[in-house]
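Residue-level structural notes
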Amino acid sequence: MNEPEKQVQKLIRLKRFEEPRDGYFEDFLKEFQSRRNERETSKGFLNSRVSGGAGNRKWFIGAGMAYAALLAVVLMWPNGPEAKQDASRQPIIFEPKQPVRNSVTSPKAPVSIPRP
Amino acid sequence: MSSEFENESPTDADEVLVSRAQSGDTLAFDQLVVRYSPRLYGMIYHMTSNKEDANDLTQDVFAKAYRSLNRFRGRSSFYTWIYAIGTNMTLNFLKKRNRRAAWSLDNLDSGIQNDEAMVDLAHAANPRHQSDLNELQKKLNEAMQSLSNAHRAVVTMFDIQGIPHAEISKILKVSEGTVRSRLFYAHRQLQGHLEEFIK
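This structure is a prediction, so every number in the text was calculated from the model and none was measured.

Some details on the overall build of chain A
Scanning chain A for helices and strands turns up four helices and one strand. Of the regular secondary structure in chain A, the N- to C-terminal order runs α-β-α-α-α. Counting all 116 residues of chain A, 7% fall into the buried class.

Following this line, the structure appears as structure tokens:
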């Protein structure tokens with residue numbers, strides 16, 4: 001290393017004396033701890049929303065069971081071609097006892113228009 | 001140092017602290033923060049010449065290291081690992097910041113008066129050498145900021161922080177030859193900027 005290069009190095013080393021104020025690094029640690037706590041609190045909150053504590057888990061199990069029961073009812077409801085063959089499992093059809101006037105189901109029924 | 005460290009041994013090796021931190025001991029990680037924040041802050045500060053940016057970036061570096069700690073396998077020292085994170089984040093930051101930022105410098109420590117280089121300057125015949133410390137600080141920063149980010153990184157680590165070539169090459173993931181050549185060219189460029197202070 002030549003002399004001017006050594007002198008440059010000496011001068012640049014003076015930058016070591018640029019230092020933050022006293023107590024800066026104690027405050028730095030406190031800031032780091034507080035940021036970490038904030039992050040962990042928000043992460044913990046998100047986790048509890050997704051995976052849940054004991055209370056949330058009960059709701060998830062309940063909702064799951066209700067959904068499974070609903071699915072079972074839908075699948076077992078007799079509305080397929082096999083169900084028609086089995087008379088005992090035919091759905092009950094309610095038929096009206098009196099014809100309904102102007103009904104779409106009985107278009108041939110006479111229509112009487114009252115005269116004044 | 002915080003009273004939280006009363007039960008901590010000041011001589012705990014990095015590996016011990018890292019291992020405890022990986023098991024969820026936040027106090028162990030805090031000790032690593034205490035141990036390395038001055039050096040990391042210094043590196044980032046000399047790279048950015050802005051104390052607010054240096055503070056935010058150093059915080060971000062430790063936050064990233066804390067999140068990634070479980071991926072640290074100990075193939076390098078913790079010091080090299082966190083320095084590599086710090087250097088990469090700073091270089092990325094500088095690419096985005098470009099030339100927008102203004103300087104915001106830390107004060108000079110009174111110890112500078114006793115430094116060999118400072119004593120030389122003070123005793124030199126040239127009245128320009130008697131220039132006040134702020135002027136010198138300004139010139140040094142101008143000279144540093146005239147370097148490319150890659151050159152400034154090696155000057156910061158080698159000349160200011162005294163990190164050996166081999167360690168810098170691991171941090172920057174370049175060969176030792178590249179570190180030496182970057183230093184050589186950086187010194188040449190700095191000579192041009194600091195001519196008036198060189199005998």
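Regarding the overall build of chain B
When you go through chain B residue by residue, the secondary structure sums to nine helices and one strand. In chain B, the succession of helices and strands from N to C terminus is α-α-α-α-β-α-α-α-α-α. Counting every position in chain B, which comprises 199 residues, the buried fraction comes to 33%. Pairs at least 24 apart in sequence give 66% of the contacts found in chain B among residues at least 6 apart.

Some points on unusual backbone geometry
Residues and elements named next belong to chain B. The phi dihedral of Ser 49 falls on the positive side, at around 55°, and the residue is not glycine. Note that Ser 49 resides in the loop between helix H2 (26–48) and helix H3 (51–68). In this structure, Lys 173 is a non-glycine residue whose phi angle is positive, near 55°. Turning to its location among the elements, Lys 173 is positioned in the loop between helix H8 (165–172) and helix H9 (176–193). Owing to 10 C-beta atoms within 10 Å, Lys 173 belongs among the exposed residues under this scheme.

Regarding the interface of chain B and chain A
Taken residue by residue, the interface counts 34 residues in chain B and 25 residues in chain A. For the side of chain B that touches chain A, the secondary-structure elements that each account for two or more residues are H2, H3, helix H5 (116–123), helix H6 (133–145), helix H7 (149–160) and H9 of chain B. Per-element accounting of the side of chain B that touches chain A gives the leading share, six residues, to H2(B). Within the side of chain B that touches chain A, the residues separate by chemical class into 18 nonpolar, eight polar and eight charged.

Structural notes on the environment of B:Ser181
Secondary-structure assignment places B:Ser181 in helix H9. Note: C-alpha distance between B:Ser181 and B:His151 (30 residues apart in sequence) is 9.5 Å.

Description of helix H1 (residues 3–13) of chain A
Residue and element names in this part refer to chain A. Every buried residue of H1 is listed here: Val 8, Leu 11 and Ile 12. Take H1 and look down its axis: the buried residues cluster within an arc of 95°, on one side only. In H1, the exposed positions that point more than 90 degrees away from the buried face belong to Glu 3 and Lys 6.

Here's the deal with the nonpolar core
Grouped together as the largest cluster of nonpolar side chains are 50 residues, with contacts concentrated most on A:Ile12, B:Ile44, B:Ile82, B:Val154, B:Val155 and B:Ile168. Considering each element in turn, this core owes the most residues, eleven residues, to H2(B). When residues of this core are sorted by domain, at least three fall in each of domain 1 (9–106) and domain 2 (108–199) of chain B.

Observations concerning the packing of helix H1 (residues 14–22) of chain B against H2(B)
Residue and element names in this part refer to chain B. Where H1 meets H2, the axes come as close as 7 Å, and the angle between the chain directions of the two elements is 140°. Of the possible angle classes, the one that applies to H1 and H2 is oblique. H2 is crossed by H1, and the crossing has left-handed handedness. On the side of H1, the interface is formed by Asp 14, Leu 17, Arg 20 and Ala 21, while H2 contributes Ala 28, Phe 29, Gln 31 and Leu 32. Classifying every residue of the contact of H1 with H2 by side-chain character gives five nonpolar, one polar and two charged.

Digging into the environment of B:Gln161
If you trace the backbone, B:Gln161 turns up in the loop between H7 and H8. Once you skip the residues sitting within four places of it in the chain, B:Gln161 turns out to touch B:Arg39, B:Gly42, B:Met43 and B:Thr156.

Observations concerning the packing of H2(B) against H7(B)
For any two helices packed against each other, one specifies the inter-axial angle together with the distance between the axes. Residues and elements named next belong to chain B. At a minimum axis separation of 9 Å, H2 and H7 run at an interaxial angle of 135°. On the basis of the axis angle, H2 is oblique to H7. The way H2 lies across H7 gives a crossing that is right-handed. Touching Met 43, His 46 and Met 47 of H2 are Arg 152, Ala 153, Thr 156, Met 157 and Ile 160, all from H7. Its residues assigned to classes, the contact of H2 with H7 shows five nonpolar, two polar and one charged.

Concerning H6(B)
For an α-helix, the turn length of 3.6 residues means that residues three or four places apart are oriented alike. All names here are of chain B. Over its 13 residues, H6 extends 18 Å from the first C-alpha to the last, a length consistent with the 18 Å expected when each residue adds 1.5 Å. If you check which residues of H6 are buried, you get Leu 136, Gln 137, Leu 140, Ala 143 and Met 144. The arc enclosing the buried residues of H6, seen along the axis, measures out at 130°, which places them on a common side. H6 presents Asn 134 and Glu 135 as exposed residues on the side facing more than 90 degrees away from its buried surface.

Details of the confidence of the model for chain B
For chain B, mean pLDDT is 85; residues scoring 70 or higher make up 78% of the total. Scored by ipTM, the complex comes to 0.81, with pTM at 0.70.

Thresholds, definitions, all that
Residues numbered from 1 in each chain as written. Chains lettered and ligands numbered in written order. Predicted model: local features only at pLDDT ≥ 70, side-chain atom pairs only at ≥ 80, totals over all residues. Helix = DSSP H or I, 4+ residues; strand = E, 2+ residues; numbered from the N terminus. Buried ≥ 20, exposed ≤ 12 C-beta atoms within 10 Å, placed from the backbone. Contact = placed C-beta atoms within 7 Å. Nonpolar A, V, L, I, M, F, W, Y, C, P; charged D, E, K, R; others polar. Arc of directions from axis to C-beta. Core = buried A, V, L, I, M, F, W, Y, C linked by C-beta atoms within 7 Å. Domains from an automatic or database assignment. Axes fitted to C-alpha atoms, helices over the stretch in contact; angles between N-to-C directions. Parallel < 35°, antiparallel > 145°, perpendicular 65-115°, else oblique. Left-handed = near helix turned anticlockwise from the far one by under 90°. Expected span 1.5 Å × (residues − 1). pLDDT = per-residue confidence, 0-100.

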